[in-house]
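# Fold and geometry: a report
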Amino acid sequence: MELSNEDRRGLQRAGAAASEYNATMFAVEEVLNSDMNTAWVGVVDSVQTGSGESSGVANVTPLVAHTDADGQSLPMSSIPALPYTRVQYGIAALIIEPVPGDRVACVSCKDDISNVGPGVTRPQRPGSYRKFDQSDSVIVGAVHTKAPEVFIRITQDKKIYIKAPAGYTLETDADVEIKAGGTVTVKAPQITLDGDVKITGGLEVGTISSSGGVTMNTPSVHMTGNLSVDGHIHGN
């Protein structure tokens, strides 16, 4: 909803001035409501990623407006340099960076966390005396997200689906092992194997084409079709 001067709501409830107790409670509640932030929802304005592959910070504008004494909605300012969380423990991580326009959930910390930066692992003194301030918030996740275009879907029927329209790369310095209780199917217009291929079981091939030599170290070869070598055809 657009901010409007006509959007007026009084902050004082009926009965707030009926007794000294009610007036005191109203004053206490106003201090808590104005000075203590818990969790809130905002929109990402800009993102500064961390050095290397570490997580970074984002500028976020709250999506719920403050109101003045007359109940009028107030424009909200962007809160700078809020660290965003990542699914990571030790050296293992799932890297997904936020982008401008993301709607995120933020949690405000009890103390000033400005002294707790990248690489800090020991307790630090608070950066100031502020408490539960939005400036000391941490982005903990996304809310009301739009439909993703690249994703990993893990379903309750024990299946995993990965969609990456622009490409998929698997990189390792060690061995890769694929185990399947059934058939492994690879579908592509062209499949390139860059390296030696060792087959310990049977091999069924429709057509074989070689731009170099072919060596078969076997006492016998069974063919269900024809074999052509330098134009000479051998039948089965």
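Summarised in this report is the structure supplied together with it. Source: prediction; values computed, not measured.

Scoring rules and cut-offs
For every chain, the first residue of the written sequence is number 1, and numbering continues from 1 along that sequence. Restriction of local features to residues with pLDDT of at least 70 applies here, the model being predicted, together with a cutoff of 80 or more for giving and counting side-chain atom pairs; totals for whole chains, interfaces and linings are based on all residues. The basis for the side-chain values is all heavy atoms of the structure; hydrogens and waters are excluded. Strands here mean DSSP runs of E at least two residues long; helices mean DSSP runs of H or I at least four residues long; both are numbered from the N terminus. Two N or O atoms form a polar contact when they lie within 3.5 Å of each other; inside protein one atom must be a possible hydrogen donor and the other a possible acceptor, and for residues adjacent in sequence the pair counts only when both atoms belong to side chains. Residue contacts are defined here by distance: any two heavy atoms, one from each residue, within 4.5 Å place the two residues in contact. In what follows, salt bridge is the name for a side-chain nitrogen of Lys or Arg lying within 4 Å of a carboxyl oxygen of Asp or Glu. Think of it in three bands: with a 1.4 Å probe and only protein chains considered, a residue is buried below 20% of the maximum accessible area for its type, exposed above 50%, and partly exposed in between. Here the nonpolar core consists of buried residues drawn from Ala, Val, Leu, Ile, Met, Phe, Trp, Tyr and Cys, with membership extended through side-chain atoms lying within 4.5 Å. For cavity detection a 1 Å grid was placed over the protein atoms alone, and a set of points counts as a cavity when a 1.4 Å probe fits there but cannot get out; an open set counts as a pocket when protein lies on both sides within 12 Å along at least five of seven lines, with lining residues being those that have an atom within 4 Å of a point. Grid points are joined across faces, edges and corners, and a volume is the space filled by probe spheres set on the points. Gly falls in the polar group here, along with every residue not listed as nonpolar (Ala, Val, Leu, Ile, Met, Phe, Trp, Tyr, Cys, Pro) or charged (Asp, Glu, Lys, Arg). One requirement defines pairing of two strands: DSSP has to find at least two bridges between them.

Further remarks concern the side chain of Ser 108. Here Ser 108 lies in strand β6 (residues 103-108). A distance of 3.2 Å separates polar atoms of two side chains, one belonging to Ser 108 and the other to Trp 40. Here the side chain of Ser 108 touches Ser 137 through a polar contact of 2.8 Å, side chain to side chain. Ignoring anything within four residues of it in the chain, the contact list for Ser 108 reads Asn 37, Thr 38, Trp 40, Phe 132, Asp 133, Gln 134, Asp 136 and Ser 137.

Let's shift gears to the pattern of salt bridges. In total, this model carries 6 salt bridges according to the counting rule given. Note that Glu 97 and Arg 86 form a salt bridge whose closest N and O atoms lie 3.0 Å from each other. Taken together, the residues span a long stretch of sequence, with Glu 97 in the loop between β5 (92-94) and β6 and Arg 86 in the loop between β3 (79-83) and β4 (87-89) at a distance of 11 residues. Overall, Glu 97 belongs to the partly exposed group, its relative accessible area being 28%. Assessed through its relative accessible area of 16%, Arg 86 is described here as buried. For the salt bridge of Asp 111 with Lys 131, the shortest nitrogen-to-oxygen distance reads 2.5 Å. Linking Asp 111 in the loop between β6 and β7 (137-142) with Lys 131 in the loop between β6 and β7, this pair joins segments that are 20 residues apart in sequence. Each of the salt bridges in this network shares a partner with another, and the network as a whole consists of Lys 110, Asp 111 and Lys 131.

Attention now moves to the nonpolar core. It is characteristic of soluble globular proteins that their nonpolar side chains tend to be buried jointly. With 10 residues, the main nonpolar core is built from Trp 40, Val 44, Ala 58, Val 60, Ile 79, Leu 82, Tyr 84, Val 104, Cys 106 and Ile 139. Looking at this core, the elements with two or more residues in it are β1 (39-48), β2 (57-62), β3 and β6. When sequence neighbours within four positions are dropped, the list of residues in contact with Val 104 reads Trp 40, Val 41, Gly 42, Val 44, Val 60, Ile 139, Gly 141, Ala 142 and Val 143.

Below, the discussion takes up the environment of Glu 149. In this fold, Glu 149 is placed in the loop between β7 and β8 (151-154). What makes Glu 149 exposed here is its relative accessible area of 66%. Remark: the alpha-carbon pair of Glu 149 and Pro 165, spanning 16 residues in sequence, is separated by 7.7 Å. Setting aside residues no more than four positions away along its own chain, Glu 149 makes contact with Lys 163 and Pro 165.

Our focus in this paragraph is the layout of surface pockets. Within this model, the second largest pocket holds a volume of roughly 1,200 Å³. Lining the second largest pocket are 35 residues, with Ile 96, Glu 97, Asp 102, Pro 148 and Val 150 sitting closest to its centre. At the level of elements, β6, β7, β8 and β9 (160-163) are the ones that each hand at least two residues to the lining of the second largest pocket. No other element matches the 4 residues that β7 contributes to the lining of the second largest pocket. Residue composition of the lining of the second largest pocket, grouped by class: 21 nonpolar, 7 polar and 7 charged.

Strand direction decides the pairing type here: β1 and β2, joined by 6 bridges, are antiparallel. Following the sheet pairing, Val 44 is matched in β2 by Val 60. Judged from the 3 bridges that link them, β2 and β3 form a sheet pairing that is antiparallel. Residue pairing for β3: Val 57 is matched across the bridge by Pro 83.

Function cannot be inferred from these measures alone, as they are strictly geometric.
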